[in-house]
Amino acid sequence: MDKLASKKLCADDDCVYTISLARAEDDYNAPDCRFINIKKGQLIYVYSKLVKEKGAGEFWAGSVYGEQYEDQMGTVGYFPSSLVSEQHVYQKANKTILTTDIDFFCE
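Counting from 1, residues in each chain are numbered in the order their sequence is written. Predicted model: local features are reported for residues with pLDDT of at least 70 only, side-chain atom pairs are reported and counted for 80 or more only, and whole-chain, interface and lining totals are derived from all residues. Hydrogens and waters are ignored; side-chain quantities use all the structure's heavy atoms.

The name an unreviewed UniProt entry gives the protein chain is Otoraplin, with Alligator mississippiensis as the organism.

The next point concerns the overall build of the protein chain. Numbering goes from the N terminus for both helices and strands, where a helix is a DSSP run of H or I of at least four residues and a strand is a run of E of at least two. Within the protein chain, the regular secondary structure consists of zero helices and seven strands. Ordered by position from the N terminus, the helices and strands of the protein chain form the series β-β-β-β-β-β-β. Residue exposure (1.4 Å probe, protein chains only): buried if accessible area is under 20% of the type maximum, exposed if over 50%, otherwise partly exposed. Burial analysis of the protein chain (107 residues in total) assigns 43% to the buried set. The contact definition used throughout considers only heavy atoms, calling two residues in contact when any of these lie within 4.5 Å. In the protein chain, the proportion of contacts linking residues at least 24 apart, taken out of those at least 6 apart, comes to 64%. Only the protein chains shown count as cover for residues, and all accessible areas are computed by the Shrake-Rupley method using a 1.4 Å probe. For the protein chain, the accessible area works out to roughly 6,500 Å², and carbon and sulfur atoms hold 47% of it.

Another aspect to go through is the side chain of Asp12. With respect to the secondary-structure elements, Asp12 resides in the loop between β1 (7-10) and β2 (20-24). For the buried Asp12, no salt bridge exists, and the shortest N-O distance to an oppositely charged side chain is 8.5 Å, to Lys95. The term polar contact refers here to a pair of N or O atoms within 3.5 Å; inside protein, the definition further demands a hydrogen-donor-capable atom paired with an acceptor-capable atom, and it admits residues adjacent in sequence only when both atoms are side-chain atoms. Within polar-contact distance, the side chain of Asp12 engages the backbone nitrogen of Val16 at 3.1 Å. Of the polar contacts made by the side chain of Asp12, one reaches the backbone nitrogen of Tyr17; its length is 2.9 Å. Only four residue types enter the tally: Lys and Arg on the positive side, Asp and Glu on the negative side, with His and both chain ends excluded. Just to be clear on terms, a salt bridge is a Lys or Arg side-chain nitrogen sitting within 4 Å of an Asp or Glu carboxyl oxygen.

With respect to the secondary-structure elements, Lys3 resides in the segment before β1. Accessibility expressed as a relative area gives 40% for Lys3, which makes it partly exposed. On a C-alpha basis, the gap between Lys3 and Thr100 in space is 8.0 Å, while along the polypeptide they are 97 residues apart. With sequence-adjacent residues up to four places away left out, Lys3 is seen in contact with Thr99, Thr100, Asp101 and Phe104.

Rendered as structure tokens:
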């Protein structure tokens, strides 16, 4: 799979701490296994924000939150940042990390 970006912003060196909680403003159907499906109104924990590159969209990585989405909870994937609004920022995403092939690997 192609890399979506060469760098990402995280709250920590391992990109495991939650940056923010976002709410989906619209539905999104994942085009492949690197992405997650989101539904309007759904809450999403954001773990990293890809640094936008020329000609590419801006994507964030996160996982859905909520009991009604229990089957999807814990699945981390990318989604367009333009489809969500941040509801609460837990930590600043001030660590710039190089992405690797594993960031975009899926089966």
